[in-house]
Amino acid sequence: MAGREPVAPGAEEERDRARQVRRVAVSGLLGTVIEYYDFLLYSTMAALVFGTLYFPASNPAASTIAAFGTLAAGYVARPLGGLLFGHFGDRLGRKSALVTSMVLMGVASVLIGVLPTYATFGLAAPIMLVLLRVVQGIAVGGEYGGAALMVIEHADPRRRGAWVGIMQMGSPLGSLMSNGAVALVTLLPKDQFLAWGWRIPFLASAALLVLGLYVRLSVVESPLFREAVAAGKVRAREPVPLVRVLKKPRAVLLACAAGIGPFALTALIGSHSVAYASGLGYELPDIMRAHLLISLTGLVGIPLFSALSDRVGRRRVLLAGAIGAVAFAFPMYALVGTGSVAAMTAALVIAQVFQNLMYAPLAPMLSEMFGTRVRYTGVSLGYQVASLLGAGFTPMAAAALVAATGGSSLPLSWIIVVAVGISTTAVLLIAETRGRDLRDEPAEQGGEQWDATSGPKSR
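Residues numbered from 1 in each chain as written. Predicted model: local features only at pLDDT ≥ 70, side-chain atom pairs only at ≥ 80, totals over all residues. Heavy atoms only, no water.

In the annotation of an unreviewed UniProt entry, the chain is listed under the name MHS family MFS transporter and assigned to Saccharopolyspora hirsuta. According to its UniProt record, the chain has this under Subcellular location (unreviewed entry): "Cell membrane". (UniProt positions renumbered as here; feature names shortened; annotations may be inferred.)

As structure tokens, then:
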């Protein structure tokens, strides 16, 4: 009687692990899509409508700068979210922290979609807008670090970059969806767009939230975290993760500095370029089509370059992007300044390729710099402080510098050079992290195996 073929020892376990990795990667992808759809949607609307509807002023430039100020509020809140969710993620588990961050983001976005404007609600309207932006910042601050390390802690050490690259596709996919939603509603007559059309993309995030929660609730907790709990390494009375990370802060400082360059590029290519190109006379539909191409570029570039870092190392990929970004900093704005839609689009797409090279290896590199007991806190703190310094104030500062210099693009190019230079210096000080055993504890976090700048020690 024929029966099922015998299963080799460990084969079923390996298949189950592969299924879990795929499920966790898809969960991370959907979670990141939702978080970045909502977060970047706000960034675009800040450039298009929030200055008019919530910060009315006789000077349009002042309204734009005020709107970008609320954008910065979200970035200020991101490190707070990283600390809050990092603490509970390192103490109670990754999964519960990620579910909570997703709910916070979805609820805040829907509330923005129904928020009355200054004309009908007075001063309370911009105050509530800022508060909801802060909630968004707290939520996204807890999402990225948890989603990245959840994937990495499930993945084969040889393919961490490839698997986390799938999760990181959520950022450009979320951007693509938000830009696509804005592109659709901007087809409405301008008065209808300002009256109610801009609200539709925010309200649509409710459907994304339901789908994301369904998938996220189906994944299992990180195996490395479960091992640490079983081994008694996660104890209620030990120093809180933040104290352990800051006791020897070199690793988190380097992690933060490494992310400043790619985040500054994101801010300039993304949210600020909408206002800047509009000021040069480009039509809004042309700008939004360029941004759709930028998002499509990220959908290809981020997983490709993240997987490439498994083969050639995290540092080499990131440094290649840094060299390209500095070399292209001045030609980029020269092309945008020509007035040609094709040249403007090409400039932003090329800059996005260099941004992807710097951004794609960041998640695996940062996750491999910290031990299991503090990984959520360390990754979130480094990543979110970098986002604050690199992107939080960049659109506002860029808008102010352009206004102060009579429309010159030179300050924008120099922002790129300085920010990318900071990241380059940090990456040169970080030892290659590819392939590290995540069960080892870094020396600066209480272990004896390796530290962030010298690499693994021989045993």
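Before going further, it helps to spend a moment on the overall build of the chain. On a plain count of helices and strands, the chain comes out with 19 helices and two strands. Here the chain holds 459 residues, and 58% of them are scored as buried. At a minimum sequence separation of 6, the contacts of the chain that also span at least 24 residues come to 84%. For the chain, the accessible surface area stands at approximately 17,900 Å², while carbon and sulfur atoms represent 67% of it. (Helix = DSSP H or I, 4+ residues; strand = E, 2+ residues; numbered from the N terminus. Buried < 20%, exposed > 50% of the residue type's maximum accessible area, 1.4 Å probe, protein only. Contact = heavy atoms within 4.5 Å. Areas by Shrake-Rupley, 256 points an atom, 1.4 Å probe, with all protein chains shown as cover.)

One way to put it is that helix α13 (residues 284-312) packs onto helix α15 (residues 341-359) with a least axis distance of 9 Å and a crossing angle of 25°. Taken together, the axis directions place α13 and α15 in an arrangement best described as roughly parallel. Handedness of the crossing formed by α13 with α15: right-handed. Contacts between α13 and α15 involve Asp-286, Ile-287, Ala-290, Leu-293, Ile-294, Thr-297, Gly-298, Gly-301, Ile-302 and Phe-305 from the first element and Val-341, Met-344, Thr-345, Leu-348, Val-349, Gln-352, Val-353, Asn-356, Leu-357 and Tyr-359 from the second. Among the residues forming the contact of α13 with α15, the class breakdown is 13 nonpolar, six polar and one charged. (Axes fitted to C-alpha atoms, helices over the stretch in contact; angles between N-to-C directions. Parallel < 35°, antiparallel > 145°, perpendicular 65-115°, else oblique. Left-handed = near helix turned anticlockwise from the far one by under 90°. Nonpolar A, V, L, I, M, F, W, Y, C, P; charged D, E, K, R; others polar.)

On the surface, Val-103, Val-107, Leu-111, Val-114 and Leu-203 cluster together to form a nonpolar patch covering roughly 380 Å² of accessible area. Counting residues per element, the nonpolar patch draws most heavily on helix α3 (residues 94-113), at three residues. Within the secondary structure, Leu-111 sits in helix α3. On the accessibility criterion, Leu-111 (42% relative accessible area) is partly exposed. (Patch = residues over 30% accessible without salt bridge, like charges linked within 9 Å, V, L, I, M, F, W, Y side chains within 5 Å. Salt bridge = Lys/Arg side-chain N within 4 Å of Asp/Glu carboxyl O.)

Time to look at the packing of helix α12 (residues 250-279) against helix α18 (residues 394-404). Two elements in contact, α12 and α18, have axes separated by 9 Å at closest approach and are oriented at 50°. As judged from the angle between their axes, α12 and α18 are oblique. Crossing handedness for the pair α12 and α18: right-handed. The segment α12 lies against α18, with Ala-264, Ala-267, Leu-268, Ser-271, His-272 and Tyr-276 engaging Thr-394, Pro-395, Ala-398, Ala-399 and Val-402. In terms of residue class, the contact of α12 with α18 is made up of eight nonpolar, three polar and no charged.

What follows is about helix α10 (residues 223-230). If you check which residues of α10 are buried, you get Leu-224, Phe-225 and Ala-228. Mapping the buried residues of α10 onto a view down its axis gives an arc of 100°, with all of them on the same face. At the N-terminal end of α10, a side-chain oxygen is found 3.3 Å from the backbone nitrogen of Leu-224, two or three residues along, and the residue is Ser-222. (Arc of directions from axis to C-beta. Polar contact = N/O pair within 3.5 Å; in protein donor to acceptor, adjacent residues only side chain to side chain.)

Quick look at the nonpolar core now. In terms of nonpolar packing, the biggest core is built from 97 residues, with Met-332, Met-365, Met-369, Phe-370, Tyr-383 and Ile-416 touching the most fellow members. With 17 residues, α12 is the single largest residue contributor to this core. There are two domains that each give this core at least three residues, and those are domain 1 (18-233) and domain 2 (240-441). Residues within four places of Tyr-383 in sequence aside, it is in contact with Tyr-36, Arg-78, Tyr-144, Phe-263, Tyr-359, Leu-362 and Leu-366. (Core = buried A, V, L, I, M, F, W, Y, C linked by side-chain atoms within 4.5 Å. Domains from an automatic or database assignment.)

Locating Ser-413 in the fold gives a position in helix α19 (residues 410-429). With sequence-adjacent residues up to four places away left out, Ser-413 is seen in contact with Ala-329, Phe-330 and Tyr-333.

This part covers the packing of aromatic side chains. This model, assessed by the stated rule, comprises 13 aromatic pairs. Where Tyr-276 meets Tyr-333, the ring centres are 5.7 Å apart and the plane angle is 90°; that geometry is what we call edge-to-face. Note that Tyr-276 is positioned in helix α12 and Tyr-333 in helix α14 (residues 314-336), a separation of 57 residues in sequence. Aromatic ring contacts, followed pair by pair, group Tyr-42, Phe-50, Tyr-54, Trp-198 and Phe-202 into a single cluster. (Phe/Tyr/Trp six-rings, centres within 6.5 Å; stacked < 30°, edge-to-face > 60°.)

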